[in-house]
Amino acid sequence: LELEAIQDGYIPNFQLFIDSTATQIEAIIRDIARLSNIAVSKNKESESTEMLLEELLRDEKVIDLFDAADICLIKYLLTNCGWNLRNDVAHGFCRPQNYTKTKALLLLLVLFRLSKYNYCR
């Protein structure tokens with residue numbers, strides 16, 4: 001971002017940051033829930049699987065861990081309630097023009113917002 005501000009014609013590349021962060025936010029939310037003694041897996045056909053981001057964000061115990069505004073931002077950015085960025089990244093649907101500064105900054109904002117919580121209750 002600094003180079004973009006001082007160097008004419010420089011175009012920053014946000015692909016690596018967006019690809020890695022969009023999917024890791026789900027893991028961070030799962031870890032916060034797990035550290036707060038909330039179950040983050042489900043049993044289906046005698047098999048245990050991790051809850052998906054949408055499922056985590058519907059769980060009342062998980063919702064209670066976060067501010068409503070933070071849940072709203074995460075849902076808007078990462079789920080099918082909004083941009084669905086997590087799904088698009090995880091399944092390789094993003095094209096080069098989808099890796100925007102706005103998305104990168106919003107993901108960074110989500111990381112900052114998640115960092116304010118006390119994970120061990």
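Summarised in this report is the structure supplied together with it. These figures come from a predicted structure and were not determined experimentally.

## Examining unusual backbone geometry
- Positive phi, normally seen in glycine, also occurs at Ser 46, with a value near 55°.
- Mapped onto the fold, Ser 46 is located in the loop between strand S1 (41-44) and strand S2 (47-50).
- Of note in the backbone geometry, Asn 84 takes a positive phi value of approximately 60° without being a glycine.
- Relative to the helices and strands, Asn 84 resides in the loop between helix H5 (68-78) and helix H6 (85-90).

## Observations concerning H5
- Every buried residue belonging to H5 is among Asp 70, Ile 71, Leu 73, Ile 74, Leu 77 and Leu 78, and all of these are buried. With its buried residues spanning 160° around the axis, H5 presents them on a single face. With respect to the buried face of H5, the exposed residues turned more than 90 degrees away are Ala 68 and Cys 72.
- For H5, the elements touching its buried residues are helix H2 (15-35), helix H3 (53-56), helix H4 (60-63), H6 and helix H7 (101-114).

## What about the nonpolar core?
- Ranked by size, the top nonpolar core spans 30 residues in total, and within it Ile 18, Ile 29, Phe 66, Leu 78, Leu 85, Leu 107 and Leu 114 carry the most contacts.
- When residues of this core are traced back to their parent elements, those giving at least two are H2, H3, H5, H6 and H7.
- The leading source of residues in this core is H2, at six residues.
- When neighbours within four sequence positions are excluded, Leu 114 is seen to be in contact with Ile 25, Ile 28, Ile 29, Ile 32, Phe 66, Ile 74 and Tyr 119.

## Let's talk about the packing of H5 against H7
- Relative to each other, H5 and H7 sit at 150°, their axes nearing to 11 Å. By the angle between their directions, the pair H5 and H7 is classed as roughly antiparallel. In the packing of H5 onto H7, the handedness of the crossing is left-handed. Residue-level inspection shows Ala 69, Asp 70, Leu 73, Ile 74, Leu 77 and Leu 78 of H5 in contact with H7, the latter providing Leu 106, Leu 107, Leu 109, Val 110, Arg 113 and Leu 114.
- Taken together, the residues of the contact of H5 with H7 break down into 10 nonpolar, no polar and two charged.

## Overview of the pairing of S1
- Here four bridges tie S1 to S2, and the two strands are oriented antiparallel to one another. Its bridge partner being in S2, Ser 41 is matched across the sheet by Glu 50.
- Between S1 and S2, which follow one another and run antiparallel, lie two residues, and Glu 45 among them has a positive phi close to 50°.

## Structural notes on the side chain of Arg 30
- Within the secondary structure, Arg 30 sits in helix H2.
- Residue Arg 30 is classed as buried on the basis of its relative accessible area, which comes to 12%.
- A distance of 2.9 Å separates the side chain of Arg 30 from the side chain of Glu 26, its partner in a polar contact.
- Leaving out residues up to four positions away in the same chain, Arg 30 has contacts with Val 40, Glu 50, Met 51, Leu 52 and Leu 56.

Definitions and cut-offs
Residues numbered from 1 in each chain as written. Predicted model: local features only at pLDDT ≥ 70, side-chain atom pairs only at ≥ 80, totals over all residues. Heavy atoms only, no water. Helix = DSSP H or I, 4+ residues; strand = E, 2+ residues; numbered from the N terminus. Buried < 20%, exposed > 50% of the residue type's maximum accessible area, 1.4 Å probe, protein only. Arc of directions from axis to C-beta. Contact = heavy atoms within 4.5 Å. Core = buried A, V, L, I, M, F, W, Y, C linked by side-chain atoms within 4.5 Å. Axes fitted to C-alpha atoms, helices over the stretch in contact; angles between N-to-C directions. Parallel < 35°, antiparallel > 145°, perpendicular 65-115°, else oblique. Left-handed = near helix turned anticlockwise from the far one by under 90°. Nonpolar A, V, L, I, M, F, W, Y, C, P; charged D, E, K, R; others polar. Pairing = 2+ DSSP bridges. Polar contact = N/O pair within 3.5 Å; in protein donor to acceptor, adjacent residues only side chain to side chain.

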